[in-house]
Amino acid sequence: MRAKLVVGNWKMHGSLAANRELLRALVAGLPLAGSTEMAVCVPFPYLAQAQEMLAATPIRWGAQNLSEHSGGAYTGEVSGAMLCDFACRYAIVGHSERRALYGESDAKVAAKFLAARAAGLTPVLCVGETLEQREAGATLQVVYAQLDAVLDAAGAAGLSGAVLAYEPVWAIGTGRTASPAQAQEVHAAIRARVEARDAVLAASLPILYGGSVKAQNAGELFAQSDIDGGLVGGASLVVDEFLAICQAANC
Ligand code: PEP
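Okay, so let's go over this structure. (Residues numbered from 1 in each chain as written. Predicted model: local features only at pLDDT ≥ 70, side-chain atom pairs only at ≥ 80, totals over all residues. Heavy atoms only, no water.)

Thoughts on the site of the ligand
Turning to step 1, where the next piece is worked out: In the neighbourhood of the ligand, 14 residues make up the surrounding shell, with Lys11, Glu167, Gly173, Ser212 and Gly233 lying closest.
Turning to step 2, where the next piece is worked out: Between an oxygen atom of the ligand and a side-chain N or O atom of His95, the distance comes to 2.9 Å.
Turning to step 3, where the next piece is worked out: Here an oxygen atom of the ligand sits 2.9 Å away from a polar atom, N or O, in the main chain of Gly234.
Turning to step 4, where the next piece is worked out: Relative to its unbound accessible surface of 290 Å², the ligand loses 96% to contact with the protein.
Turning to step 5, where the next piece is worked out: When its residues are assigned to classes, the shell around the ligand shows four nonpolar, eight polar and two charged. (Near = heavy atom within 4 Å. Polar contact = N/O pair within 3.5 Å; in protein donor to acceptor, adjacent residues only side chain to side chain. Areas by Shrake-Rupley, 256 points an atom, 1.4 Å probe, with all protein chains shown as cover. Nonpolar A, V, L, I, M, F, W, Y, C, P; charged D, E, K, R; others polar.)

Points about the nonpolar core
Turning to step 1, where the next piece is worked out: Ranked by size, the top nonpolar core spans 64 residues in total, and within it Leu159 and Phe222 carry the most contacts.
Turning to step 2, where the next piece is worked out: Examining the composition of this core, we find that six residues originate from one element, helix 11 (residues 239–250), more than from any other.
Turning to step 3, where the next piece is worked out: The contact partners of Phe222, leaving out residues within four places of it in the chain, are Lys4, Val6, Val213, Ile227, Gly229, Gly230, Ile245, Ala248 and Ala249. (Core = buried A, V, L, I, M, F, W, Y, C linked by side-chain atoms within 4.5 Å. Buried < 20%, exposed > 50% of the residue type's maximum accessible area, 1.4 Å probe, protein only. Helix = DSSP H or I, 4+ residues; strand = E, 2+ residues; numbered from the N terminus. Contact = heavy atoms within 4.5 Å.)

Focus: helix 5 (residues 106–119)
Turning to step 1, where the next piece is worked out: A rise of 1.5 Å per residue sets the reference length of helix 5, with its 14 residues, at 20 Å; its end C-alpha atoms lie 20 Å apart and thus fit the reference within 8%.
Turning to step 2, where the next piece is worked out: For helix 5, the complete set of buried residues consists of Val109, Ala110, Lys112, Phe113, Ala115 and Ala116.
Turning to step 3, where the next piece is worked out: Considering only its buried residues, helix 5 is in contact with strand 4 (90–93), helix 4 (96–101), strand 5 (122–127) and helix 7 (139–158).
Turning to step 4, where the next piece is worked out: Positive phi appears at Gly120, one or two residues downstream of helix 5, with a value of about 90°. (Expected span 1.5 Å × (residues − 1).)

Details of the pattern of salt bridges
Turning to step 1, where the next piece is worked out: What the rule picks out here adds up to 14 salt bridges.
Turning to step 2, where the next piece is worked out: One salt bridge in this structure joins Glu104 and Lys112, with 2.9 Å as the shortest N-O distance. Accessibility assignment for this pair places Glu104 and Lys112 in one class, buried.
Turning to step 3, where the next piece is worked out: Residues Asp152 and Arg197 are paired through a salt bridge, measuring 2.9 Å at the closest nitrogen-oxygen approach. In this pair, Asp152 sits in helix 7 while Arg197 sits in the loop between helix 8 (180–195) and helix 9 (199–204), placing the two residues 45 residues apart along the sequence. (Salt bridge = Lys/Arg side-chain N within 4 Å of Asp/Glu carboxyl O.)

All quantities given are derived from atomic positions and should not be read as evidence of function.
Right under this line is the structure:
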């Protein structure tokens, strides 16, 4: 049985003052029982604040991106080792906003995945199709290509200890959620794809769902056999919503 994981993706939101309130309230409202792990992936400048406020709590923290390089003349970039200086556990790689807005190719995402592993971080690898691709019947083709780029670069063993997130692009920040059945179908296909390379790994691999997860739909999504928790954007900034989502994962 895989433990559930709920990761908040703050995107480019927050301020020192607002984060302080949010993190305080999350810590104060932590679900009392259950094995679900909670984490927040915050903007780089707030990693020190997350570390300071969360170090003595069960909530983990991480970044939303990292460089594929370990260091050097890469102005504006942040390396995996730098994230480790702030005791990050997680680094999101391949978020659809990075793929679409910053031109991150499957190969670049695979390089970032390797960089995260090399630094000792847990990558949260995002895969997912656009609405156009879904309507063209190409969902699995797209998701497999994104996944295979990492499997080919890292090998199946390289995925051990990592986290996958299926995030249909059409459901991110749109209020439109994949139905539990739609999400489960893709999650099962992703697990089967990994299973073809390594059955033991596939059975233990956490696959999160992301795309307009809210308190109201989380329970049904997390009840699906191949959905191991959520990657949560907008709702992770709303204390009661995020806590309720984490509570739904605890059931
Ligand atoms: C995300 O940013 O990964 C995400 C899933 O966003 P939202 O929950 O707002 O759709």
